Structures are given as structure tokens and as C-alpha cells.
Amino acid sequence: MWTFVFLFILGTKICQAAAEGNSTQMLYAHMTIDESVLKFMPNSSEFHFTDLSIEEFTITTECRNETNNKNCNCMEGYTWSEQVANSQSCSNKTFCTFPMNSSYTCVSITSVSIMGSITVDGSQYSDCLTDKASPAYMNCYNKLFVPMKTQFSFLRGFETLKIIQFRVGSIIVDFQITIANSINSSSLIDKSQELAKNLSASLSLQTTGVVVITVPSNSVKYNESAEITCTSENDLKVLPLWSLKRADQEIKITDGSNAHLTTVSNLSRVHLDSVDENWEGEYRCSFVQMSGNTTIYNNANKTMDVCLLPNIEASSDMAFPLCIQTSNVFQVNVNCQIKKSTENYTVTWPDGFIVGTTDYSNDVQTYKAQTVINCNEAVAKNVTNVTCTFKNECNQTQSQIFSINPIKATDSYCKAEGDWGNTKTGYTVQLKCRNQAGSRQRTCIKRDNKGVWEKEQNSCVPLLLKNVLDSAKIAGTGLGELQENVGNVFSGLQNVTATENINSPASINTSIQVFQTLTGILHNKTIENDTTINNMLNSSSNLLNNTNKDSWVTTTLGDSSKSLAENYLLSVELLVAKANITKNIIKPKLEVSTCISTECNTTVLNANVTLGSSDSGTVKTTGFQNISGYLPSKINDSDPNSIVVSATKEDATNIEIKINFPLINPRPRNVELVCVSWNNITSEWSKDGCTWGGASNEGQCICYHLSSFSILMSKRPLDVPGLTLMTYVGLSISVVSLFFCLIIEMIVWSDVVKTNTLYLRHTAHVNISLCLLVANCCFLGSSEPKNIAEIWCETFAVVKHFCYLAMFFWMLCLSTTLLHQSVFLFHKVSKKSYMRFSIIVGYVCPLLIVFITFLATKASGGSYFSKDTCWLVYGGLLKGTIFTFVIPVGIIVFVNTFSMLVVIMKLLDHHKSAETSAEKEKAAAKIVLRSVIFLTPIFGVTWGFGFAVLAMDLTEGIQALAVNYIFNLLNAFQGFFILLTTCVADQRTRESLLTRLKIKAPASVSDSTTKVDTTWKK
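In this report, the structure presented in the accompanying data block is examined. Please read all numbers here as calculations on a predicted model, not as lab measurements.

1. Thoughts on the sheet that holds strand β22 (residues 346–348)
Pairing within the open sheet is antiparallel, and its 3 strands lie in the order β22-β25-β26. On the outer flanks of this sheet lie β22 and β26 (397–404), each paired with one strand and no other. Neighbour-to-neighbour, the strand axes of the sheet open up by a mean angle of 15 degrees, direction not taken into account. Relative to β26, strand β25 (residues 384–391) runs antiparallel, the two being bridged by 8 bridges. When the sheet's bridge partners are listed, Thr389 is paired in β26 with Ser399.

2. With respect to the pattern of salt bridges
Under the definition given, this model contains 19 salt bridges. Measuring nitrogen to oxygen at the nearest pair gives 3.9 Å for the salt bridge that ties Glu62 to Arg64. Classification of Arg64 as partly exposed rests on a relative accessible area of 29%. With a shortest N-O distance of 3.5 Å, Lys867 and Glu790 are connected by a salt bridge. One end of the pair, Lys867, is in the loop between β44 (865–866) and β45 (871–872); the other, Glu790, is in helix α12 (residues 790–823), with 77 residues separating them in the sequence. Residue Lys867 is classed as exposed on the basis of its relative accessible area, which comes to 52%. Residue class for Glu790 comes out partly exposed when judged on its relative accessible area of 47%.

3. Examining the packing of helix α5 (residues 463–473) against helix α7 (residues 505–522)
Helix packing geometry: the angle between the two helix axes and the distance between the axes. The interhelical angle for the contact between α5 and α7, taken along N-to-C directions, is 15 degrees, at an axis separation of 9 Å. Considering the angle they form, α5 stands roughly parallel to α7. Of the two possible hands of crossing, α5 and α7 adopt the one that is left-handed. Each of Leu465, Val468, Leu469, Ala472 and Lys473 in α5 lies in contact with α7, whose residues at this interface are Ser507, Thr510, Ser511, Gln513, Val514, Thr517, Leu518 and Ile521. Across the contact of α5 with α7, the residue classes break down as 7 nonpolar, 5 polar and 1 charged.

4. A look at the packing of aromatic side chains
With the rule as written, the count across this model stands at 27 aromatic pairs. Between Trp552 and Tyr568, the ring centres sit 5.4 Å apart and the planes meet at 85 degrees, which makes this aromatic pair edge-to-face. Of the two residues, Trp552 is situated in the loop between α8 (530–543) and α9 (564–578) and Tyr568 in helix α9; the sequence distance between them amounts to 16 residues. Neither Trp552 nor Tyr568 differs from the other in exposure class; each is buried. Their ring planes at 75 degrees and their centres at 6.3 Å tell us that Phe808 and Phe885 sit as a pair that is edge-to-face. Separated by 77 residues along the polypeptide, Phe808 in helix α12 and Phe885 in helix α14 (residues 883–909) bring together distant segments of the chain. On the accessibility criterion, Phe885 (6% relative accessible area) is buried. Members of the aromatic cluster, each reached through a chain of ring pairs, are Phe490, Phe515, Trp552, Tyr568, Phe624 and Tyr630. Looking at Lys143, its charged tip hangs above the ring of Tyr125, at a distance of 5.0 Å from the centre.

5. Focus: unusual backbone geometry
The phi torsion at Asn435 lies on the positive side, around 60 degrees, for a residue other than glycine. Its location among the elements puts Asn435 in the loop between β29 (427–432) and β30 (439–447). For Asn435, a relative accessible area of 73% translates into the label exposed. You will see that Leu605, though not glycine, has its phi angle at about 50 degrees, which is positive. Relative accessible area serves as the criterion here: at 9%, Leu605 is assigned to the buried category.

6. A few points about the pairing of strand β16 (residues 259–264)
Sheet faces and side chains relate simply in a regular strand, where the side chains alternate between the two faces. Here β16 pairs with strand β17 (residues 267–272) via 6 bridges, running antiparallel. Counted as the bridge partner of Val264 is Leu267 from β17. Linking β16 back to β17 in an antiparallel pair, the connection comprises 2 residues, with Ser265 at a positive phi of about 55 degrees.

Reading the values: rules and limits
- Residues numbered from 1 in each chain as written.
- Predicted model: local features only at pLDDT ≥ 70, side-chain atom pairs only at ≥ 80, totals over all residues.
- Heavy atoms only, no water.
- Pairing = 2+ DSSP bridges.
- Helix = DSSP H or I, 4+ residues; strand = E, 2+ residues; numbered from the N terminus.
- Axes fitted to C-alpha atoms, helices over the stretch in contact; angles between N-to-C directions.
- Salt bridge = Lys/Arg side-chain N within 4 Å of Asp/Glu carboxyl O.
- Buried < 20%, exposed > 50% of the residue type's maximum accessible area, 1.4 Å probe, protein only.
- Parallel < 35°, antiparallel > 145°, perpendicular 65-115°, else oblique.
- Left-handed = near helix turned anticlockwise from the far one by under 90°.
- Contact = heavy atoms within 4.5 Å.
- Nonpolar A, V, L, I, M, F, W, Y, C, P; charged D, E, K, R; others polar.
- Phe/Tyr/Trp six-rings, centres within 6.5 Å; stacked < 30°, edge-to-face > 60°.
- Lys NZ or Arg CZ within 6 Å of the ring centre and 35° of its normal.

Rendered as C-alpha cells:
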């Protein structure tokens, strides 16, 4: 048997190079010998030539002649090159059939191919860019080729060197080297460095064959583990770079939750815990060696196939056939839809189903089938389960069950409505979102023996947002650099939240899931990249935009036990803590401030934060707008009234944090604010560890721990216990007293107005009593504002405003008259002049004040009265219509008090003729006491406590309560006090009344009373 044997011969050229050592050259020989003489082949040492010695020879290929061709086998350790295997359609890597005249040879499985480029000085080698046929080009070519071959031929197994092209950029020479067997990497580095030194150049080499990659020989089953290894003949002294190429994208492989990298000496391994479609593709390991001006990339790559399994969405055009009549027959179409896949699935349906066509569109594959539903049989069977089963090439299966449930005559159901078909009660129907990810759900419930549709539940989210969440879920698996993956996720989230419509609870929830996912992935790692941090904060701010306020539901979504806002707050806090933020960052709805000290003073969203600690460290303070309104509050009758400020610090001990919040809404008088912090355990606001600064520091909170802080404001002002009852009782008594006062004045009028002074005095008494009576009746009539029509509430407010002012102006008339009579004893005022003066002051002045106030507030669009109280409006210091009452009353009370003091001083002067000092002191004390008692109610001096009520806030404590009690006690009973002082205690009125009633008057009257009366007579 004659056999063609192809040998490669490793020859040593003794005189090749001037450098030390011998260069080598691979020679190929084609010999035709008898198979029986192969064993007598001579040793390599027996071949000698003048300048060439044969170091070794090896048989690589064995061919046997057939009729018209020859069959060739590769010897052990050799294989057909990719080029030969593809061009000749070889049946496998070691056997191939060729034409008789061919001379293909197998190559070593350890052969090495080197693609390289060398960058040299353009001024010396510019001729290499000229015409290839020119002598200049050939000379330049040889100037490079000869030294290159001189160096690389020293590599054992050197076969060929080929310059492929010259390029500009200085001069770049692209070349290819073929080495017949494995080489020593250190030798390649040495020779490359020598060449770079000789040519004053830099080299970049990419080798194939120095390292060998191994992947599972068969397709890996879905969700099973896999291992990829990369080996080299010797230790390359560097760690490899692993990557996965798929769909024209090359992704770096790193240590992660799914991929685990280990490297020991010349072996590197990637272990995958679970493979899916994300891990299918071409794997590459690359050892990059750098030395001087030489960089060598030792690459190996191989494709790993994965048997995939799909996520199946099953649907039907008739999930609930209307089998009201058992004779009905329906044809039902069932679809099973999956994402477009490279896996060649075998899809099976239940027996009796007619398999339809498969549609490929919009990145989905839809498998169709039909069945016939006979109502007579379906009703008896009740439910028909349809299962579509997908089997991959590894014989793994994935199934989806879909139920066809007939509606019987006795069943209640919801009639078809829009996209929703007929549905039996007690069932929930699910439809796929149009042009979005997620689904829409609607439940049919039974009510009054009828089917009623509940409100549609929509979990649709933009496709781009769903893709961002999917990217976040695999960011830490090892598929890509973690920091780069996180940066890409936040970049995508920032773009989606800025450009897409995310105004739905499902979209907000999905965005927050991205934050939560990355928080878990980062764990104890830091976000270093400034762009990533910026995108993260932009995304966080975008979610708080006012356009999304209706989407922040306070209830929980999905499997979460926490509200959207709580999940958002917690995850953003953690991300800010992990971010390497070194400066203040301001976003539209969010601000972050950083401080490194034991005493930090920062400002976020106009909230001043001062934090003191016993330890120095990085303090990060974050301000959130709007989020306080989205967090659930279990503190009764309180609403959020500030931004949320979050403070974090490493190793925080002995913390005191003082925050001055800007309030969203001004605090009404007597309304309590509560400083709270968010408790992540109980998922609610807590008052523990925080105190409010009080009415004088409305926005200040002082806390002794770190958390998220805010201010809640009570929905209603504080109540003074028993004050309402005291007011109503006092006013009722006053109304009765004033009524009797007016009756008494009518009875005794002719007896008590003998002089002009008495006439003027009793006229003022009557008008004061009348105004106070009407005002008190209106006050009692408007005691339940909620039950009064708005027009009546406004009417009561106007009448009370006028009557109370008129009362005080009549008090002013009375006090000025008394003051005039006390100071100018001999100056008389006629009744006509007094009445003209009193009518103008007592009624015209208050009427003008009320009229102007009413018109001014209506013209300016303000509120004249409060619907909650049917009284004037208090809007703060010197704000609101209440001050058109307070200011005149304040002036009058001041004047009246002054008048009362003058009267008291005059009465004291009247007793200077008393005999002893003891009698003087006793008489003076009586005069003062009785004057105060008689004049205070009729002069309205007790209303001075009202200014204290206005000045003090009920949140200030016991002193404010005391002032309120005193004010209400004195003024609610003012009518009763007027009755006592003007009627009962007045001698002439009392005597006249008793005379009219035929009752004998008491024999004695106090001296001080007589003297006060004497003053009035004058």
C-alpha cells in the first residue's frame, strides 16, 4: 500500500542571524512511500546540509488514494485549519476528502497565529506608502521585513511572516506571523522588544493559539451550571480579561452573583451558577502582556450554546363561551406568545387541537391553535384546560395552562364591555398592555345575583422602563463591570423618567424597584462615578415632579408591605449613603449636602440643618420635596407641612440634629406642629426622640437620632377644655341680664334722668346694653357654623362686627363724658350736643369701618369672614379683617382705661380732708376698688385681656390657658356685670325701681357709692 505522507521539518539555519542563537524555519515535504517503511524513517540528526540542519521532523497528514480522489486523516495532535475545513467541506476536523492533485496538510492543534502592527517613524519609512512596483517601495519593504523576520524566526516553529499592508499614522505596518506549534510567551516578548528597540518602534500583537479556551461540548441546559476554562502552556504572569460577545456587543465578564472567576497559574476558570439567554454567545479570554513599547494580546474564543426556555403568555378569543343553550357550538382560537428566540422549539397542543400557523412580528413569536367547544359537553365538563408545551433541543419543557370556562344558563356573568369579553363572576380577566409592558386586569364580581365589573387595574409601564429594570436585575450577575452597569441603568432611568409618561402607580413602582434592585446589588460597594451619581439624583428628582403626584398611592403594591413613598425614601437614602458625594448637589425636587466634621451646618431646599456628634465623619443631608405628602400618616388629624430631610452618618454616636424647616402652609394660631421621624420598622411617623421648637420657632425640630424628619400640622386648633361651655353659659346669662337691664332702664327712666349728666350716662348705658345684647344673640345664633348657610354666616359676621364696635364706641362716648365732667367741673354740655356727638361716634364710626372693610375685602378678592367661625378672619400679624375690630377696640380700651384712672385720682383727691391717715388709706382703697368694679364692665376694660389672647398661643402651655379662661370669664359675663354695676349697685336706679315695685328701700347706702353718684351728678 502506497501512502502519501506530509511532514513538517524544523530546520535550524546556522548562519541566519548575527544575534546569538539559531533561527528556525518550518519546511513542509510531500513524500510518497510504502506504509511498511515508515518505521525505518531516519532520525532527524541524520539530515545535514551546508547551512541547514534538520532538528526534527513529524508526520502530520496521512492520505490514501481512491479512484478519483484521496482520503486524508490528520495525525494525533493535528487538525484541519478553519480555512481548509470550510473550503473543502470536511466531514470533521481530522478527516477530509480532496482531489488527487491537492496538497493540503494538517496543522498542529497548538499552532499559533499572530496578527500584529508595528508603528515606526514616518520620515524614515515614508517610501512604504509609494507604488508597490517601485524600487523605493521594495527597498523600504526590505528595511522592515528583514529585521522583522530576523527576530521572529528565532521563535521555535516559526513558519511564515507576511506584511499585509502599510498605513498612515506615522507608518503603521500590519503583518501576520504563523508559528507551527506552541511558543514560549516570554520568548515572544523578548524578540518583540528587541525588534521595537532596533526599529525605534512600538508593537501591538494579537495571538491565537497561545491560550486555549474550552466550553461545554454540548448545549447547556437552561438554568443549569456551566464552566468555561482558559489555559496556556506556561504561566503568562497576568490575570485574564473575560468577555462575552453577542449580537455585535462584547460584554466584560466579572465576579458577580452568577459568574465566579478564579485563576491559578496557567488556568483561568469562569463558573456560571445558572445559564439563560443572557449567557449564550461567544466567550473570549484575553491575557494582555505589556512590556516597554510592546503589548501582546493573547486571545482565545469559543461559542457556548444554551438550550433556552421561554416565558409564555397564553390567551384566547373566547375564555368564557356563552353556553346559555347547550346546543351551541363555538370555535375557540388559542394563542401562545413568546419573545422572538433563536431556539428551535417543538410546540405541542392537547389532542384534538388544530395547529395553526406561527406568526413572527414585533420581536414576538405567536403559536396558534384551534379547538371546537360543544356546549353540551363543555357544560358537563365545566372547565377545559388548554396546555401549550414548548420543548427545546435539550428536551427541557416549559408549559402554560389556559382555562376555557363555559358560562351556563344558571351562571351570573359580566357582559362584554370594550376590550373585556363575557366573564363569569368570581374570575379575573387579564389582557396584555398595548405597546407597553405589563398587563391590565379586571374582576367580575357578583352583586344582587348579577355580574358587575370592578374597576380596571392597570400595571402597564413603558417598554423602555421595563428594559431598565431588566438591566438592573442582571447588573450584578457578573455580566459586565458593576460600576459601568449601574451607570448604564441610571442613565437609562434618567432618560425614561425625563421623557416618558410615568404618571401611573405601576410606572412609579417599577422605577422604585430599579432603586431597590441596585441598592441590594451594590451592598457594601461605593458609587464612584460623578455622571452615575448625577443620573441617580436626576431620576430621584424626576419621580417627585408634580405631574406624578396622583401616582403616589399610599397603599402598598404587589408583594411589598411598604408604601411606594417608603420604599422610595429608604432606597434613595441608601444610594445617597453609598455615593461618593463630595459637594452639594441641587436638583429641582431634591438636594444633597455633604459635610465632614463633628459640627455640620448645611442647607437643603431652604431647610437649615445643624448636626452635632461626638465623632467626626461624613454627614450627608438630603432634602426631598413632595414626598412627605405621599408617606402614610397614622398620627390622627395631622397633615405634613414641610419637606422631608434625611440625614446619614457613619458610626454616629451622641447625635443632636437641629432642623429649621420652611413650612409649606403658615401655621394658624393655636395649631400645634409635631416634629416626627420615619420609623422603618413600624412604617409610620414617630414622635419619639424629637421636640418642636414651639410657637416662637415654628419650623424648628430638635432630634437626637438620625432618620428622615418632617413636620406634621394638626388639622384643627387646640381646644381649651370647658371654654365653649363657659362661653355659651356666660353669654346666655349676659343676654338675660342685658334684657333685664333694658327693662329696668325703661321702668326707671323718668326718675333717674333728672340732670343732663344722668341723661347722658343712662343713654350710653342703654345703647351699650342694646349693642351688646344684639351682638351676643348673633354670637349664640352662629355657634354652629357648619349648620348655617353661607349668607347667614356672613350676615352674622357683619352684624357682630358692627354691634361690638358700636358698643365700644358708646363706651368711648361714656368715658370721654366722664373724663370731661371730672376735669372740667364747671363746663356744661347740652343734651343736643352730646346726642349729636354720641350718635356720630357710637354708630356712624363703626358703620363706616364695617362698610369700608366689607367693600375692600370684596374688591380685593379676600375673605371678610371665616366660614368656620362666622367671624372675622385672622391671617397673622396685622393681616386679616379681624384687625379692623382689634385696632379700634385697642384704642378705645386704652382711652377708657386712662379715663378710669383720672376718675379714680379725682375721687382720691376728694378724701384729703379725712381726719386720720388710717381713715385716708381705708377710704382710698374703697374708692379704688369700687371704681374699678363699677367702671371696668361699662368701659370694656376687660377686653384688654383679648390682646393677651391674640398675643399668646395655646401651644405655649398653662399661661395661655389661664389668659383664655380669664378673658372668656370676664367678657362672656359682661352683660351680667353691667346689670350689677349700672342697675343693682346704682342707688338711684335701685331706689326708683323699688319705689315702682312698692318695695321699701334699704336704710343705708355706702358712702363711696354716694360719692361716685355725686361725681356723675356734677
